[in-house]
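Residues per chain are reported as follows:
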Amino acid sequence: MKMDNNTIEAIIRRVLSDQEQFNTDEYGYGIFDTMDEAIEASAAAQKEYMRHSLADRQKYIEGIREVVCDEKNLTYMSKLAVEESGMGKYEHKKIKNVLAARKSPGIEDLTTQAMAGDDGLTLVEYCPFGVIGAIAPTTNPTETIICNSIGMLAGGNTVVFSPHPRSKGVSIWLIKKLNARLEELGAPRNLIVTVKEPSIDNTNIMMQHPKIRMLVATGGPGIVKAVMSTGKKAIGAGAGNPPVVVDETANIEKAAKDIVDGCSFDNNLPCIAEKEVVAVEQIADYLIANMKNNGAYEIKDPKVIQQLVELVTKDGKKPVTVFVGKSAQYILGQVGIQVGPEVKVILVEAPKDHPFVQVELMMPILPVVRVANVDEAIDFAVEAEHGNRHTAMMHSRNVDKLTRMAKEIETTIFVKNGPSYAGIGVGGMGHTTFTIAGPTGEGLTSAKSFCRIRRCVMKDAFHIRDKQ
Ligand code: NAD
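In this report, we go over the structure that sits alongside the text. (Residues numbered from 1 in each chain as written. Predicted model: local features only at pLDDT ≥ 70, side-chain atom pairs only at ≥ 80, totals over all residues. Heavy atoms only, no water.)

**Regarding the packing of helix H3 (residues 54-69) against helix H5 (residues 90-103)**
So, point 1. Two elements in contact, H3 and H5, have axes whose closest approach is 9 Å; the angle formed by their N-to-C orientations is 165°. Put simply, H3 runs roughly antiparallel to H5. The element H3 and its partner H5 pack so that their crossing is left-handed. Of the residues in H5, those touching H3 at Arg65, Val68 and Cys69 are Asn97, Val98, Ala101 and Arg102.
So, point 2. Its residues placed into classes, the contact of H3 with H5 shows 4 nonpolar, 1 polar and 2 charged. (Axes fitted to C-alpha atoms, helices over the stretch in contact; angles between N-to-C directions. Helix = DSSP H or I, 4+ residues; strand = E, 2+ residues; numbered from the N terminus. Parallel < 35°, antiparallel > 145°, perpendicular 65-115°, else oblique. Left-handed = near helix turned anticlockwise from the far one by under 90°. Contact = heavy atoms within 4.5 Å. Nonpolar A, V, L, I, M, F, W, Y, C, P; charged D, E, K, R; others polar.)

In structure tokens, the structure reads:
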């Protein structure tokens with residue numbers, strides 16, 4: 001095989017990068033000292049990228065998928081994400097990373113529309129914005145970089161990432177790995193960039209920079225509001241507090257298992273994960289018994305429940321960061337209850353106004369609220385979701401009530417008779433994303449969400465259905 005000098009250099013650089021595996025002293029491959037340098041490099045790369053074909057784009061995306069699914073890389077980054085952020089579960093990070101790599105759509109998402117008739121032919125195409133600034137959360141640091149990179153590059157853009165400072169090491173490592181592979185495949189350098197020291201200041205510089213044409217924020221309400229206030233095109237993927245309703249017609253045994261599985265996935269970090277159960281009185285005891293058979297540990301003592309509230313929340317209003325994404329076993333240990341790893345979820349019966357119901361905790365503490373009937377359950381679920389319109393679940397066989405809840409709650413994702421993760425393509429139909437844009441309306445983002453729609457008109461010609 002003949003190789004040009006650039007390819008040889010790219011391979012040497014990759015081998016060196018493999019040896020170092022994770023060394024913050026060695027940069028290059030898209031990592032810059034300052035945000036200005038990163039953005040300038042990204043802008044130059046985007047110009048060059050526009051001269052590459054669609055087939056090239058797809059090849060580079062396949063390269064990203066390969067890097068992530070390589071067992072050594074997958075193991076390394078999934079472990080590092082947990083170690084560095086102190087959140088989540090290694091085995092589930094692996095699943096999430098593979099999911100992002102395999103099920104984030106590439107260029108096939110960019111379907112051209114054509115309108116042909118007496119006046120000619122008009123094409124409507126998905127075109128790049130240019131350089132996108134993407135802000136990633138600490139709860140899905142690598143998953144967000146993977147799915148945003150695939151979608152944004154498929155759309156012909158380049159991307160400047162602003163990772164969460166608490167997951168900067170793994171984010172920088174992944175960005176280097178991706179660039180190394182992209183260079184090897186003949187892509188322009190710096191398609192994906194970031195800075196050595198991600199910080200709020202650097203994010204602010206990025207948001208204001210004139211060469212950033214679009215902003216994509218995946219995180220809490222603060223950052224979503226910040227990008228939407230810039231005057232630029234912005235996608236905001238914000239917070240949720242997903243309720244799950246269970247009525248008397250549901251398959252209770254299955255519902256109980258689905259709820260525990262969804263709630264405990266990556267220790268409840270996903271923004272879509274079950275955060276509170278609203279159960280109809282008639283089946284509540286049976287549901288709880290079945291949840292306990294599937295790995296839930298119930299706490300009934302009000303004193304212990306209060307101890308937990310004081311431990312894991314700031315005045316019942318916000319989660320305490322060190323407990324976000326921690327296991328049920330770990331959290332129970334902090335209040336003197338020793339259990340094995342088979343315990344996946346801490347179950348607490350709670351009134352409607354309890355902090356565990358109202359606050360997006362992002363840890364496997366699952367409150368169950370009892371209500372008289374399914375209509376009250378739906379109404380309360382809407383209230384507990386706080387108008388985020390993010391994600392909700394319902395277990396029922398009553399089509400009318402399933403339909404009523406879907407209509408009332410207006411969430412971007414509504415899962416019926418399954419665990420929450422079915423909504424992002426794990427055992428459910430459809431593509432995946434880790435940027436679910438409720439506030440700005442793009443829904444489950446994919447390549448086309450990161451594109452401008454442009455029309456190209458040929459007057460009078462190229463319509464072929466008649467012989468006028
Ligand atoms: P976070 O809001 O604390 O941080 C998200 C990102 O924004 C980080 O990179 C952070 O550095 C940056 N940031 C935050 N405030 C900022 C500010 N004022 N100025 C500049 N940058 C700022 O969120 P997190 O704890 O990392 O992630 C959890 C939150 O994200 C939860 O609310 C969760 O629901 C949400 N989330 C939503 C989605 C979605 O697709 N809708 C996906 C993942 C997480």
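**Structural notes on the sheet that holds strand S8 (residues 233-237)**
So, point 1. Across the sheet, which stays open at both edges, the 6 strands sit in the order S1-S6-S5-S4-S7-S8 with parallel pairing between neighbours. Looking at strand neighbours, the two that pair on one side only are strand S1 (31-32) and S8, the edges of this open sheet.
So, point 2. The pairing of strand S5 (residues 158-162) with strand S6 (residues 192-195) spans 2 bridges and is classified as parallel. Of the residues in S6, the one forming a bridge with Val159 is Ile192.
So, point 3. Relative to the sheet, helix H9 (residues 221-228) contacts strand S4 (131-135), strand S7 (212-218) and S8, its axis offset from that of S8 by approximately 170°. (Pairing = 2+ DSSP bridges.)

**Quick notes on helix H8 (residues 200-208)**
So, point 1. Inspection of H8 places Asn202, Thr203, Met206 and Met207 among the buried residues, and these make up the whole buried set. Summarising the axial view, the buried residues of H8 lie within an arc of 140°, below the 170-degree limit, and thus occupy one face. Facing away from the buried side of H8, by more than 90 degrees, are the exposed residues Asp201 and Gln208. (Buried < 20%, exposed > 50% of the residue type's maximum accessible area, 1.4 Å probe, protein only. Arc of directions from axis to C-beta.)

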